[in-house]
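Analysis of the macromolecular model
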Amino acid sequence: MTGLHPSDEDLVLHFYEEAREGAAIGDHLASCADCRRRFEAWQVTLEAVVDEPLPEKGPHYEAAVWARLQPRLGRPGRAHPWARFGRPLILSGALAAALAAAFWAGRTLAPRSVPGPPLTASARERILLLAVGDHLERSRLVLLDVVNADPHAPFNLSSQRSAAGQLVAASRLYRQTAQRAGEVGVASFLEDLERILVEIADGPDRLSPPEAGALQQRIERQGMLFKIRVIGTQVEGGERLRPDHQRGRVDADL
Amino acid sequence: MDEDDDVVARVRAGDQEGFRILVERHSRSVFRLAYRMTRNELDAEDVVQESFLRAYRRLEQFEARANFGSWLYRITANCALDLLRSRRRRERDEQPSLGGAEGEGKDPLAPDPAPDRLAMSAEVRRRVTAAMARMSTKERSAFVLRHFEGMSIAEIGRALQLDEGATKQSIFRAVRKLRVVLAPAAGVQP
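Here is a short report on the structure shown in this document. Keep in mind that this is a model prediction, so the values were computed, not measured.

Comments concerning the overall build of chain A
Each helix and strand in chain A was counted, giving eleven helices and two strands. Starting at the N terminus and walking to the C terminus, you meet the elements of chain A as α-α-α-α-α-α-β-α-α-β-α-α-α. Expressed as a percentage of its 254 residues, the buried residues of chain A come to 43%. Long-range pairs, those at least 24 residues apart, make up 76% of the contacts in chain A with a sequence separation of at least 6. Surface accessibility of chain A: about 13,200 Å² in total, with carbon and sulfur atoms responsible for 53%.

Here you go:
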């Protein structure tokens, strides 16, 4: 309050009890009708601004926030290697070899009920491509169910949750393999896919319309279905590139 | 129940799951602030994610004696500011028009119902939304933090990286814009 009467800014701050000379302003308002009218005009304005109703969040909101966040966390205090989708999604030979090693490591460690004949390298690679293609197709179906759900009605996604839960572990394996192979673009894509699958798997069985709509928008904004199609085409193309005579030999080997 | 400081120490020691406790404790308050600043649910959810991610990455910078909630609040305010700046055009497109459609020719400053119903009317809320759309990101942020979140001028200044004078000016300019829009309904001079 620099002069005899407080400025408009002083009065607004006085409303918030933030005025530097609050006591002096208070005393002045008690004795000055003009300033009191000015203050009341600001008061009416500010008291009319009540809190906007917040969107309702269900009881599982905190869990949903964590499910979406957790895959993006690295070691505390360190930036997570978050490669943006910007490189061609191509399954390079190096990645295919690394995926094959990871895939077969998992297979050989699992107990086999019936010992089978040894597989050739080409047969193993074909089975790997089938596995990756199958993983992408199953992921695509889960996401399609979510994207195609009615955004105006509650959505029961208990079956999609179950499917997503099974896909998360495989997705994680393929992602880690891609990272080790230096395939940043593919790893980034798989990371995005894994995050969506985790969110579905760890979320509630029923989503309210706003929750379902938000999930649909996230899938669409990230272009997940398009990316899955691109990778799936690459995988399928890898199979089709194999000459017919070699295909026959692969079939015979199996 | 462990205090936030104890949980932060555990996370720093490598217990990532500990961060889940902090997320679960503060998710709703972070969302509340994010929503009040962005006034868009999807944007607010993105701000929630980005805020916790930034907090996690900057945990080494958090001072043990400080209040984790306040620190997180500051991060949230800045994340919301970043989003508002980068999505300004989308925010303008998504602002609800008064009375349903500006194309219908409704005057946003038309006389309102009786002043004694002022605080609770939907019309007032629409006017407030319109006024906030006219504020700069700085004004809007400062006003939300003061009026809805009850933060002090000093806290707002730290969150928005403004000095005291600039913070007060931002709040005052925001309130002045509100008054212009609400004046006909409130029966006061604009």
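Further notes follow.
Details of the overall build of chain B
Regarding its fold elements, chain B presents nine helices and zero strands. Helices (α) and strands (β) of chain B occur, in sequence order from the N terminus, as α-α-α-α-α-α-α-α-α. For chain B, with 190 residues in total, the buried portion stands at 53%. A fraction of 63% describes how many contacts in chain B between residues 6 or more apart in sequence connect residues 24 or more apart.

Here we look at helix 7 (residues 137-148) of chain B
Residue and element names in this part refer to chain B. The terminal C-alpha atoms of helix 7 lie 16 Å apart, and with twelve residues this matches the ideal 16 Å at 1.5 Å per residue to within 8%. A large share of helix 7 lies buried, amounting to eleven of its twelve residues. Those residues of helix 7 lying buried are Thr137, Glu139, Arg140, Ser141, Ala142, Phe143, Val144, Leu145, Arg146, His147 and Phe148. Gly150 occupies a position one or two residues after helix 7 and carries a positive phi of about 70°.

A closer look at the interface of chain B and chain A
Many analyses report the size of an interface as the accessible area lost when the parts associate. Taken together, the contact between chain B and chain A spans 53 residues of the former and 45 residues of the latter. Both faces considered, chain B and chain A share a buried interface measuring about 4,800 Å² in area, 61% of it formed by carbon and sulfur atoms. Our count for the contact surface shared by chain B and chain A stands at seven salt bridges. Here Arg28 of chain B ties to Glu62 of chain A by a salt bridge, and the two come within 2.6 Å at their closest N and O atoms.

Describing the packing of helix 1 (residues 8-15) of chain A against helix 2 (residues 22-31) of chain A
All names here are of chain A. It is at 11 Å that the axes of helix 1 and helix 2 come closest, and there the two elements cross at 105°. Judged by the angle between their axes, helix 1 and helix 2 are roughly perpendicular. Every residue of helix 2 that contacts helix 1 at Asp10, Leu11 and His14 is listed here: Gly22, Ile25, Gly26 and Leu29. Its residues assigned to classes, the contact of helix 1 with helix 2 comprises three nonpolar, three polar and one charged.

Some thoughts on the nonpolar core
One broad rule of soluble globular proteins: the nonpolar side chains tend to lie buried together. With 73 residues, the main nonpolar core has Phe19, Phe52, Phe143 and Leu145 of chain B as its most contacted residues. Excluding anything up to four places from it in sequence, Leu145 of chain B contacts Leu33, Met37, Ala77, Gly150, Met151, Ile156, Ala159 and Leu160 of chain B. Ala131, Ala201, Leu225 and Ile228 of chain A belong to the second largest nonpolar core, which has 34 residues in total.

Re the packing of aromatic side chains
Enumeration according to the criterion identifies ten aromatic pairs over all chains in this entry. Considering the side-chain rings of Phe15 of chain A and Tyr16 of chain A, the 5.2 Å spacing of their centres and the 80° angle between planes classify their relative orientation as edge-to-face. Consider the rings of Tyr61 of chain A and Phe31 of chain B, whose centres lie 5.8 Å apart with planes at 65°: the pair is edge-to-face. Placement of Tyr61 of chain A in helix 4 (residues 61-69) and of Phe31 of chain B in helix 2 (residues 16-38) is noted, with the two residues assigned to different chains. For the pair shown, Tyr61 of chain A and Phe31 of chain B are each scored as buried.

Brief notes about empty space enclosed by the protein
If you walk through the whole model with that rule in mind, you get four cavities of 30 Å³ or more. Within this model, the largest cavity holds a volume of roughly 330 Å³. Forming the walls of the largest cavity are 22 residues, and the residues nearest its centre are Ala64, Glu199, Leu207, Glu211 and Arg218 of chain A. At the level of secondary structure, the elements contributing two or more residues to the lining of the largest cavity comprise helix 4, helix 8 (184-202) and helix 9 (209-221) of chain A together with helix 3 (41-57) of chain B. For the lining of the largest cavity, the leading source of residues is helix 9 of chain A, giving five residues. Looking at the lining of the largest cavity residue by residue, the classes come out as eleven nonpolar, three polar and eight charged.

Describing the state of the cysteines
Residue and element names in this part refer to chain A. This model, assessed by the stated rule, comprises zero disulfides over all chains. The thiol sulfur of Cys35 is not disulfide-bonded, and the nearest other cysteine sulfur, from Cys32, lies at 3.6 Å. The buried category is assigned to Cys35, whose relative accessible area is 2%.

Here's the deal with the pattern of salt bridges
Evaluation of the coordinates by the stated rule reveals 24 salt bridges over all chains. Of the charged contacts, one joins Arg172 of chain A and Glu194 of chain A as a salt bridge, the two residues approaching to 2.9 Å between their closest N and O atoms. Taken together, the residues Arg172 of chain A in helix 7 (residues 158-180) and Glu194 of chain A in helix 8 connect sequence positions 22 residues apart. Look at Arg172 of chain A and you get partly exposed, because its relative accessible area is 32%. Looking at Glu194 of chain A, the relative accessible area reads 3%, which means it is buried. Salt bridges linked by common partners bring Arg20 of chain A together with Glu164 and Lys168 of chain B together as one network.

Reading the values: rules and limits
- Residues numbered from 1 in each chain as written.
- Chains lettered and ligands numbered in written order.
- Predicted model: local features only at pLDDT ≥ 70, side-chain atom pairs only at ≥ 80, totals over all residues.
- Heavy atoms only, no water.
- Helix = DSSP H or I, 4+ residues; strand = E, 2+ residues; numbered from the N terminus.
- Buried < 20%, exposed > 50% of the residue type's maximum accessible area, 1.4 Å probe, protein only.
- Contact = heavy atoms within 4.5 Å.
- Areas by Shrake-Rupley, 256 points an atom, 1.4 Å probe, with all protein chains shown as cover.
- Expected span 1.5 Å × (residues − 1).
- Buried area = accessible area lost by both parts, 1.4 Å probe.
- Salt bridge = Lys/Arg side-chain N within 4 Å of Asp/Glu carboxyl O.
- Axes fitted to C-alpha atoms, helices over the stretch in contact; angles between N-to-C directions.
- Parallel < 35°, antiparallel > 145°, perpendicular 65-115°, else oblique.
- Nonpolar A, V, L, I, M, F, W, Y, C, P; charged D, E, K, R; others polar.
- Core = buried A, V, L, I, M, F, W, Y, C linked by side-chain atoms within 4.5 Å.
- Phe/Tyr/Trp six-rings, centres within 6.5 Å; stacked < 30°, edge-to-face > 60°.
- 1 Å grid on protein atoms, 1.4 Å probe; cavity = no way out; pocket = protein on both sides within 12 Å on 5 of 7 lines; lining within 4 Å.
- Points joined across faces, edges and corners; volume = space filled by probe spheres on them.
- Disulfide = S-S within 2.5 Å.

Nothing here speaks to function; it is all geometry.
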